[in-house]
Amino acid sequence: MSQFLFPSKQNIHFVVNYRMVSEEEQPIFYRGAIYVNGTAHAAVGAATGFIVANNFQSSPTTTFLLVSLGTVSGLIPDLDIDGKLRGKITLSHKMFQTVGQLIGILMIIYSIYEATNTTRYLGIGIGLGLMAIASSIRQKHMLTITGIGVLAGGINLQEIWLMLLGVYILIASFVAHRSYTHSIVGILFVGFIASKLELSLGVEGVFYTCLIGYISHLITDSKLLPFNKRGIKLFLPLSSKEV
Ligand SMILES: [Zn+2]
């Protein structure tokens, strides 16, 4: 956690770039608030997992799982970032890579423990493929390919949550920043994925961690926070008013 609060010079560089990509319209003086906001998504998501784990009195292993899921849930709304200003390795690339690699690793572990025979080897293969793709993400279309890979993994493992996560990543790679992934529709979609994931894992707290972690991102991006000039289009497709 301390590296979030007291980042190295390099981390600040990443975070500042993240903000420049995602909030390119903001005036320079807003960048003072940048890194609080840029890393807050991950930190608040992780904290959500920790609090939920405490509420359910989870084991250390489950606590670790929930903190990881909270972190991912706090980051995934920003898979919709369009990096028109890219050119350097920015945190958004780092984030795409991290999320993709994490999903690949989880798919391999899941395949080893839950699947058998051909499905297992196919699952491990797809997981390794995802990690390889994720490592080379520099452009938006690589995110589209990652979504297709996750969808393929879900079909292979017959896991509805994984198929829907693939669909989520696919959609996020096409929609405008702070639109559908930052809306009530997005919350409902991710809530459904999370409920299926909790059923599949049989671990209490997964649903609440993912849902609250996701919502925390939207609140942090909304105009509820006075330094956010730009809000989120919470009510899409009914209204595109920013809140
Ligand atoms: Zn966002």
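In this report, we go over the structure that sits alongside the text. In this numbering scheme, every chain counts its residues from 1 along its sequence in written order. Reporting of local features is limited, given that this is a predicted model, to residues whose pLDDT is at least 70; pairs of side-chain atoms are given and counted only at 80 or more, and all residues count toward the totals for whole chains, interfaces and linings.

This part is about helix α4 (residues 60-75). A helix here means a DSSP run of H or I that spans at least four residues, while a strand means a run of E at least two residues long, and both kinds are numbered starting from the N terminus. By this rule, a helix spans an expected 1.5 Å times one less than how many residues it contains. When the terminal C-alpha atoms of α4 are compared, their 23 Å separation across 16 residues agrees well with the 22 Å that a helix rising 1.5 Å per residue should span. Remark: C-beta atoms are placed from the backbone, and a residue is labelled buried if 20 or more other C-beta atoms sit within 10 Å of its own, exposed if 12 or fewer do, or partly exposed between those counts. For α4, every residue scored as buried is listed here: L65, L66, V67, L69, G70, T71, V72, S73, G74 and L75.

We now examine the nonpolar core. Counting 44 residues, the largest nonpolar core has V99, A194 and C210 as the members making the most contacts within it. Counting residues per element, the ones that place at least two in this core are α3 (34-55), α4, α5 (91-114), α6 (117-135), α7 (140-157), α8 (160-172), α9 (184-201) and α10 (206-221). Excluding anything up to four places from it in sequence, C210 contacts L69, S73, V190, A194 and L197. We call a set of buried Ala, Val, Leu, Ile, Met, Phe, Trp, Tyr and Cys residues a nonpolar core when their C-beta atoms link them within 7 Å. By the convention adopted here, residues are in contact when the distance between their C-beta atoms, placed from the backbone, does not exceed 7 Å.

This next bit is on unusual backbone geometry. The omega torsion across L236 and P237 is 0°, close enough to zero to call that bond cis. By secondary structure assignment, the location of P237 is in the segment after α10. Of note in this structure, Q158 is not a glycine but carries a positive phi near 55°. Following the sequence through the fold, Q158 ends up in the loop between α7 and α8. Under the C-beta neighbour-count criterion, Q158 is labelled exposed, with 11 such atoms within 10 Å. The phi angle at R178 is positive, at roughly 60°, despite the residue not being glycine. Summarising the element assignment, R178 is placed in the loop between α8 and α9. On the basis of neighbour counts, which here come to 24 C-beta atoms within 10 Å, the residue R178 falls in the buried class.

With that settled, the discussion passes to the packing of α4 against α10. Axis definition: a line fit to C-alpha positions, over the contact stretch in the case of helices; interaxial angles, taken between N-to-C directions, run 0 to 180 degrees. It is the contact of α4 with α10, at a shortest axis distance of 7 Å, that shows an interaxial angle of 30°. For the crossing formed where α4 meets α10, the hand is right-handed. Every residue of α10 that contacts α4 at L66, L69, G70, S73 and G74 is listed here: V206, T209, C210, G213, Y214, S216 and H217. Basically, the charged four are Asp, Glu, Lys and Arg, the nonpolar ten are Ala, Val, Leu, Ile, Met, Phe, Trp, Tyr, Cys and Pro, and anything else, Gly included, counts as polar. In terms of residue class, the contact of α4 with α10 is built from five nonpolar, seven polar and no charged. Left-handed describes a crossing whose near helix is turned anticlockwise from the far helix through less than a right angle; right-handed describes the clockwise counterpart.

The next thing to look at is α9. The terminal C-alpha atoms of α9, which comprises 18 residues, lie 25 Å apart, in line with the 26 Å expected from a rise of 1.5 Å per residue. All buried positions along α9 are accounted for by G186, V190, I193, A194, L197 and E198. Here the buried residues of α9 occupy an arc of 140° about the axis, which is enough to place them on one side. Check the buried side of α9 and you find it contacts α8 and α10. G202 sits one or two residues past α9 and shows a positive phi near 65°. Relevant arc is that of directions from the helix axis to the C-beta atoms, nothing else.

Any functional reading would require information that these geometric values do not contain.
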